[in-house]
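Structural overview for review
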Amino acid sequence: MHSITRSLSRAFTISAYSSNVQPTIVAARFYPACCHGVQFYRCPRQEQRYRNLVQRYRRKLRASYNKFSAIPDNTVVQGRFHSYIEDGGIIYRCLRGPGESKPEKVLSVEWLKGGEGEEEEEEEEEEEEEEEEGSLQRVRLSPGESLMAATVKAPHQEEARCIVVRLSDMTTPHHPLLILDNVFSFEWASDNTLFYSRQEGLKCQSVYRLDLNEAGARNTLVYEEHDPEFFVEVGRSGDGQLLTLNSTSKSSSEVRVICSSAPDHAPALVQPRQPGLVYYAEHSRGELYILANTGPNQEYQLLKAPLSSPSMRSWLPVYTPSAGWAVKDMELLQDHCVFTIRHPSGRLHLQTVPLKDPTRVSSLELPLWACGLESQRASQTDTQSFRFLLFSPVCPPSANIYSPSPHQILTEQGPPQERPHHSCQTTRLEAPSKDGTMVPITLLHRQPLADLGSAPMLVHVYGAYGLDLNMAFSPDKRLLLDRGWALAYCHVRGGGERGLGWHRAGRLERKQRGVEDLAACLQRLHDLGVSTPDRTALTARSAGAVLVGALCNQQPQLLRAITVQAPFLDVLGTMQDPSLPLTVEERGEWGDPLTSPQHRDNIASYCPCCNITPQHYPSMLITAYQGDSRVPVSGVEKYVTRLKAAVDTHSSLGMLKPEIRVILDLQPGRDHFGPEDFELSLCESARQMAFLHMELGLDKTADHKKRRG
């Protein structure tokens, strides 16, 4: 299976910022479980109210996470003989089939710390102040289920380590067969051959073959990428017959294949890379099935070619989606190809293409509440059905099985159309942007649309790299919904919601369109009577903060507060520094200001750090991570200095309206994607919710209601 929207956990986001409006800067540096010892608000009464809110939201968030602790996810792997379940950093296996079997421990992240006995594990549990455990990232079984490989990522680290264990002999389960460092992706070719890509910092440009035999283990370099704009990942075809070495950049790709039955042969190139050509390869019954952007308007279509002659001149079209429909994922079964397609309205569909007769395409509309779909790795023995999870930000994932014959979906809770929605309404809207383009909006709410005039609203945006806005289930978002918030998701240009063209329309010299789309979405929601500017907050992380920061410079009157995490705000400064890890790789998204004056002028026109001006900014809570290699602290300092000067000037003119706070929440660690530790993550979310509650005046509303009561 090849996921078109797969996340390689390398979204480019470099920069963070902060400042305080009165006119000192509040910097919350490295505080632990809560905000003890850190002053977020200058007024003691406000500070105490804020601390009380943080504690309250911590309790509510913990209860929300406990409520949804049993939701299905991708932590179950089906082997030929056993089912493998991850729990608390340990993988257990049980025999498949009827009846119950005692779970057997087969792998633990503790092994990376050298713990070998139960007594030692108990001692480590008592000393929880010591080094934090890692988290399991990816698990793969060898074809004969005799070996397992799993990557473990330590907190605050970019690179992962791979543990290989022997399953056929579990007499000494506390001794891994071997441990590999700096592994990103990996797949088994056979029971004694593992291919893996090696990660160095934020680069992944080499693939190795690991051969295991009685004499020991031997590593062999199989492929090395020399273009710094390309990232290499190892994949495996659905039928297990081929391994794929996928080299991808922001604008093109190249695939090499290796037969699993001949792993020592040199990789065969499918089609040499060429500018603008993006493709992925699958395999079934001796033929390659290729998903490439060779369709009308450079959108995806399905083609096929003989394995013996795989180049582009042999590609024959098999299936082309209708105009305006965006391919989000593809799963190749034994006799069918199943596409996850997004309709222009935003609704998700499954479209099934029979490989023997591709003209008989069937379509199945997924329920209105479903905002996202995640495929689950199927059992090695099940090649006729497609397993996946359906979810929305406020509806927990439901496990589903789709069978092309008889063309139906079954779930653990009945057909997905009959699933209870917990009184949540999903409204799909469109907003006319400055150039007339209609921009999709997904609005989640409990009250009827007509009753949302005074509701607080949290708006989400991303708009970069052709990736869809993250709409995975979050107990945090569910808690806000239950407390009367409206949640709006703006699918602006630069993202991938409406296909590859939607991304092209919002990258490079067209980045300003994403800002205009976001402003249009906010204006449309307010015009419909959904919340008001003084009750509206905007949230984003990573590259999504480019649009947020630009909007705050251009139209700050549309909202009251923002929260951003690991935000990219110094676009121009970053893209002019090729020594940074991702600058060269990201030129296809932002441009190259060093060689193109046009690119430089364009970036400078919207770059948040370059366009700060004395005016009334929204209140801001910026969460940054000190060791984040994607977000250098220097970007934070530059933004802070410039924003502080602008706020000082505006304040000296007596132009302040409500009090504004811009708070830098600077945390330790190297993880760009936030803390993996549950308690730290819980506290971070509680701080953000308490901040929004204070800045939108919701605490005053609650106090007023109490007094009236």
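Residues numbered from 1 in each chain as written. Predicted model: local features only at pLDDT ≥ 70, side-chain atom pairs only at ≥ 80, totals over all residues. Heavy atoms only, no water.

A look at the pairing of strand β36 (residues 619-625)
- Counting buried residues along β36, 7 of its 7 residues qualify, which places the element largely inside the surrounding structure.
- Of the two faces of β36, the one lined by S619, L621, T623 and Y625 and the one lined by M620, I622 and A624 are each fully buried.
- In this structure, β36 lies alongside strand β37 (residues 662-667), joined through 6 bridges in parallel fashion. Residue pairing for β37: A624 is matched across the bridge by L666. (Buried < 20%, exposed > 50% of the residue type's maximum accessible area, 1.4 Å probe, protein only. Helix = DSSP H or I, 4+ residues; strand = E, 2+ residues; numbered from the N terminus. Pairing = 2+ DSSP bridges.)

What to know about the sheet that holds strand β16 (residues 253-259)
- Read across the sheet, 4 strands follow the order β14-β15-β16-β17 without closing on themselves; strand pairing throughout is antiparallel. Sheet topology places β14 (231-236) and β17 (268-269) at the edges, where each strand pairs with a single neighbour.
- Alignment of strand β15 (residues 242-248) against β16, held across 7 bridges, turns out to be antiparallel. The partner of L243 across the bridge, within β16, is I258.

Some details on the packing of aromatic side chains
- What the rule picks out here adds up to 11 aromatic pairs.
- Geometrically, the ring pair formed by F184 and F231 is edge-to-face, given 5.1 Å between the ring centres and 85° between the ring planes. Here the residue F184 occupies a position in strand β10 (residues 183-190), and F231 occupies one in strand β14, the gap between them amounting to 47 residues. Like F184, the residue F231 is buried in the burial classification.
- Here the aromatic rings of F568 and W590 are separated by 5.2 Å at their centres, their planes lie at 85°, and the arrangement is edge-to-face. Highlighted residues: F568 in the loop between β35 (561-565) and α7 (571-575) and W590 in helix α8 (residues 587-590), separated in sequence by 22 residues.
- Judged by relative accessible area, which is 1%, W590 ranks as buried.
- Taken together, the aromatic side chains of Y462, Y465, F568 and W590 make up a single cluster linked through ring pairs.
- Over the aromatic face of W502 sits the side chain of R498, whose NZ or CZ is 5.5 Å from the ring centroid. (Phe/Tyr/Trp six-rings, centres within 6.5 Å; stacked < 30°, edge-to-face > 60°. Lys NZ or Arg CZ within 6 Å of the ring centre and 35° of its normal.)

Topic: helix α6 (residues 544-554)
- Counting buried positions along α6 gives 10 out of 11 residues, so the element sits mostly inside the fold.
- Turning to α6, its buried residues are G544, A545, V546, L547, V548, G549, A550, L551, C552 and N553.

Regarding a positive patch on the surface
- Judged by side-chain charge, R56, R59, K60 and R483 come together as a positively charged surface patch.
- Structurally, R483 is set in the loop between α3 (475-482) and β33 (486-490). (Patch = residues over 30% accessible without salt bridge, like charges linked within 9 Å, V, L, I, M, F, W, Y side chains within 5 Å. Areas by Shrake-Rupley, 256 points an atom, 1.4 Å probe, with all protein chains shown as cover. Salt bridge = Lys/Arg side-chain N within 4 Å of Asp/Glu carboxyl O. Lys, Arg positive; Asp, Glu negative; His and termini not counted. Charge placed at Lys NZ, Arg CZ, Asp CG, Glu CD.)

Thoughts on the pattern of salt bridges
- Under the criterion given, the structure shown has 32 salt bridges.
- The closest approach of N and O atoms between E679 and R62, which form a salt bridge, is 2.8 Å. Linking E679 in helix α11 (residues 678-695) with R62 in helix α1 (residues 44-67), this pair joins segments that are 617 residues apart in sequence.
- Overall, the relative accessible area of 30% leaves R62 in the partly exposed class.

Focus on the packing of helix α5 (residues 511-527) against α6
- Where α5 contacts α6, the axes come no closer than 9 Å and their chain directions differ by 70°. In terms of orientation, α5 and α6 fall into the roughly perpendicular class. Relative to α6, the crossing made by α5 is right-handed. Residues K511, Q512, G514, V515, L518, A519 and L522 of α5 touch α6, and the partners they reach there are L547, A550, L551 and Q554.
- Taken together, the residues of the contact of α5 with α6 sort by class into 7 nonpolar, 3 polar and 1 charged. (Axes fitted to C-alpha atoms, helices over the stretch in contact; angles between N-to-C directions. Parallel < 35°, antiparallel > 145°, perpendicular 65-115°, else oblique. Left-handed = near helix turned anticlockwise from the far one by under 90°. Contact = heavy atoms within 4.5 Å. Nonpolar A, V, L, I, M, F, W, Y, C, P; charged D, E, K, R; others polar.)

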